Amino acid sequence: MLSSDRVFGAIVIIGSLAYVASAAQIAAPFFSDPLGSKAFPMGVGLVAALCGVMMILSPDDDPDWPPLRALGALVISTVLLVGYAYALKPLGFLIPTAIASAVLSYQINPRPLPALLTGLGLSIGLYLLFRYILGLSLFGFPRDWF
Amino acid sequence: MDILSNLALGFGIALSPYTLMLAVLGCFIGTIVGALPGLGPSNGVAIMIPITFTLGLDAVAALVLLTSIYYGAMYGGRISSILLNIPGDEPAMMTCLDGHPMAKNGRPGDALVISGVASFVGATLSTIGLMFLAPILSNVAYQFGPAEYFALYLLAFCTLGGLAAKNQAKALFASCLGIMIAMIGLDPNSGMARLTGGNLHLYDGVDFLVAIVGLFAVSEVFFFIEKHGKQGALNIVLEKVTVPWAELWSTRWTMARSSVIGFIAGVLPGAGASLGSFLTYISEKSIAGEKGGFGTGVAKGIAAPEVGNNAAAGGALVPMLTLGVPGSGTTAVLLAVLVTLNITPGPTLFTERPDVVWGLIASLLIANFVLLAMNVPLVKIFVKILDLPPAILMPGVTMVSFVGIFALTGSYFDLLLVVAFGVLGYVLRKLDVPTVPVILGILLGGKMEKQLRDAMVLSDGDWTYLFSSGISIGLFAAAFLGFIAPMFLRRIIRKPVLTDGQGR
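This brings us to the overall build of chain A. Of the regular secondary structure elements, chain A holds five helices and zero strands. Here chain A has a C-alpha radius of gyration of 23 Å; the compact-globule value for 146 residues is 15 Å, and the former is much larger. For the C-alpha atoms alone, the extent of chain A along its principal axes is close to 60 × 50 × 25 Å. When each of the 146 residues of chain A is scored for burial, the buried share is 32%. Within chain A, residue pairs in contact and separated by at least 24 positions form 58% of the contacts whose partners lie at least 6 positions apart.

And the structure:
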């Protein structure tokens, strides 16, 4: 039977072995200590792979995975946050934060107007808090606007 | 009296108006964070760390602020347990068992007061225990060499899953994952890049603050999105808050016993507050027997786990301060705080930075009194917090976490890592893989490798050196037992399950 734990165990084994393989590629320096730079990461990787084997041999009950719709919301939020990470520096604090928090708020409680207000409120409120009370050096807008 | 003079030094630092103000502020923020459903001490402190550092506070001030937040969140956690039956954090789970029934029986005020006083007793007694035990343990720790430290780290990782995790393989994997992430970056011995995949951003390694914020805070946001913010509505009306003196007095022996048990559970590596509240509740339940009415909302059932988890929180500081090995998730976060402040916990901390240690202990004692005042007469203010809808709260938490990390490192790459750790944390928690060992692995993995390599240098590659002292053999044996024992104990001790809460 294909349980979540078995799939995860397989991923763990493949990932750990790939880690061990890339640790084995570490070039040895001229002067090395007796243990060297490879041994410890390789050992830990092997233990992790063993854990993966254990997960396949004795899997737990499946968790309740969210329905497709909630999964979609999670993917949208992840993409949004990745976009936010790229946008924060070039676009300044206010605009990306307003958009990101409005969309996140909508994902948690799908009502457009409160979500919009949450976005605006959080973006302006947090900007004032960070910039003027805590004194962080944040740029509110793209730097070439003013 | 060494302790008294040291304590005087500590209070001299902690009682300055500025530090006192930080302690009060920290307690206030902490209680709010703890009271928010879904946010507990570890994610609360995690969000606050980056912000605190960007403020440029000095070491003692930052430590006082963050530990006050930590203690405050421990106190605040019981508010959502009792009124909503939603524990903010795992240690607060046991408080639901009797706290929520008592609140439903029309006595929410009494439940909050009893648990507040219980938190105070547990935390204060364990802080006193910390004062006596920590210096003794740090004397022992002076004899630790690389082999002993390596064994100690192994012990911490082996026992961390403990009784809390359902599956030993998953807990161990979580530790390995953390250590594997810690290996990324420059090799400290040779100075060459390892396992970075050629990505220049990874040459400095993965910052544990990034991992903590992602695994604890951002993954929590994902859980809220999945649940669409459904939470138990506050249907309990809190009217007048009075102090039920007689009932409090009737729990005096419960509190005394639970303080001791909780403190010991906290000192043990890897056990922490969850085990503390679990053990105290179970033992008080069996002492009271069938007639005790545990589970229906009795005072002792509220007092025991609340004393236990706060006593364990204090106890967990002992191995963290003296050995640099945290006993629980929240102490792991506090260790991250110390490391970021350039303070290395360990036996030398007590001789080299007595101002830090005793200032911290004094401020913990002060924080307890402040928290007692805030949590008994002023508890109604914090109850209001529960009305804050998650659709506003959770985006706010996300943005604060992101800005904190961004202000600290100024790199978009770290923000991407935060998102990645958030997704990882969500998947791991879904699959019942504990996330605390991952953090601990990232924090301690590098040190663990360094101790092993130092041991091999000292012995010129002879593996038997690792088992050459009594202390290290004892630690290795304890690590082995600590890993094996839960597999058998778990069959005997069954965790009581929450009836209708969202226990995690």
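Each helix and strand counted, chain B has 22 helices and two strands in total. Computed over C-alpha atoms, the radius of gyration of chain B comes to 22 Å, within 12% of the 23 Å expected from 2.2 N^0.38 for 504 residues, which places it in the range of a compact globule. Within chain B, the fraction of its 504 residues that count as buried is 62%. The contacts of chain B with a sequence gap of at least 6 include a subset with a gap of at least 24, amounting to 81%.

Contacts between chain A and chain B engage 53 residues on the former and 55 residues on the latter. Where the side of chain A that touches chain B is concerned, the elements lending two or more residues are α1 (4–24), α2 (39–57), α3 (68–91), α4 (94–108) and α5 (112–133) of chain A. Per element, the largest residue contribution to the side of chain A that touches chain B is twelve residues, and it comes from α3 of chain A. Each residue belonging to the side of chain A that touches chain B can be placed in one class, and the counts come to 36 nonpolar, 13 polar and four charged.

Below, the discussion takes up helix α17 (residues 354–375) of chain B. Taking 1.5 Å of rise per residue, 22 residues should cover 32 Å, and α17 of chain B covers 31 Å from first to last C-alpha, within 8% of that figure. Burial analysis of α17 of chain B places 16 of its 22 residues in the buried class, the great majority of the element.

Turning our attention to the environment of T331 of chain B. Residue and element names in this part refer to chain B. Relative to the helices and strands, T331 resides in helix α15 (residues 329–340). For the pair T331 and A316, spaced 15 residues apart in sequence, the C-alpha to C-alpha distance is 6.7 Å. Among residues more than four places away in sequence, those in contact with T331 are A316, L317, M320 and P326.

For the rest of this paragraph, the subject is the nonpolar core. All names here are of chain B. Ranked by size, the top nonpolar core spans 216 residues in total, and within it I212, V213 and I439 carry the most contacts. Residue contributions to this core peak at 17 residues, all from helix α4 (residues 59–84). Beyond its immediate chain neighbours, meaning those up to four positions away, I439 contacts G178, F208, A211, I212, L215 and A332.

Next up on the list: unusual backbone geometry. Residues and elements named next belong to chain B. Despite not being glycine, L195 has its phi angle at roughly 55°, a positive value. Mapped onto the elements, L195 comes out in the loop between β2 (193–194) and α9 (208–226). A positive phi angle, close to 65°, is found at D432, a residue other than glycine. Residue D432 is classed as partly exposed on the basis of its 17 C-beta neighbours within 10 Å.

All names here are of chain B. In this model, helix α5 (residues 93–104) (twelve residues) spans 17 Å end to end at C-alpha, consistent with the 16 Å of a helix rising 1.5 Å per residue. Counting buried residues in α5 gives eleven out of twelve residues, a clear majority hidden from the surface. When α5 is considered as a whole, its buried residues turn out to be M93, M94, T95, C96, L97, D98, G99, H100, P101, M102 and A103.

Here the focus is the packing of helix α3 (residues 41–54) of chain B against α4 of chain B. Residue and element names in this part refer to chain B. With their axes 9 Å apart at the nearest point, α3 and α4 run at an angle of 155° to one another. Here α3 is positioned roughly antiparallel relative to α4, judged by the angle of their axes. Between α3 and α4 lies a crossing of right-handed hand. Contact residues: α3 offers P41, G44, V45, M48, I49 and T52, while α4 offers A62, L65, L66, I69, Y70, A73, M74 and G77.

All right, on to the environment of G470 of chain B then. Of note, G470 of chain B is situated in helix α22 (residues 470–492). Sequence spacing of G470 of chain B and L317 of chain B is 153 residues, and the spatial spacing of their C-alpha atoms is 25 Å.

Calculation rules
Residues numbered from 1 in each chain as written. Chains lettered and ligands numbered in written order. Predicted model: local features only at pLDDT ≥ 70, side-chain atom pairs only at ≥ 80, totals over all residues. Helix = DSSP H or I, 4+ residues; strand = E, 2+ residues; numbered from the N terminus. Rg over C-alpha atoms; globule rule 2.2 N^0.38 Å. Buried ≥ 20, exposed ≤ 12 C-beta atoms within 10 Å, placed from the backbone. Contact = placed C-beta atoms within 7 Å. Nonpolar A, V, L, I, M, F, W, Y, C, P; charged D, E, K, R; others polar. Expected span 1.5 Å × (residues − 1). Core = buried A, V, L, I, M, F, W, Y, C linked by C-beta atoms within 7 Å. Axes fitted to C-alpha atoms, helices over the stretch in contact; angles between N-to-C directions. Parallel < 35°, antiparallel > 145°, perpendicular 65-115°, else oblique. Left-handed = near helix turned anticlockwise from the far one by under 90°.

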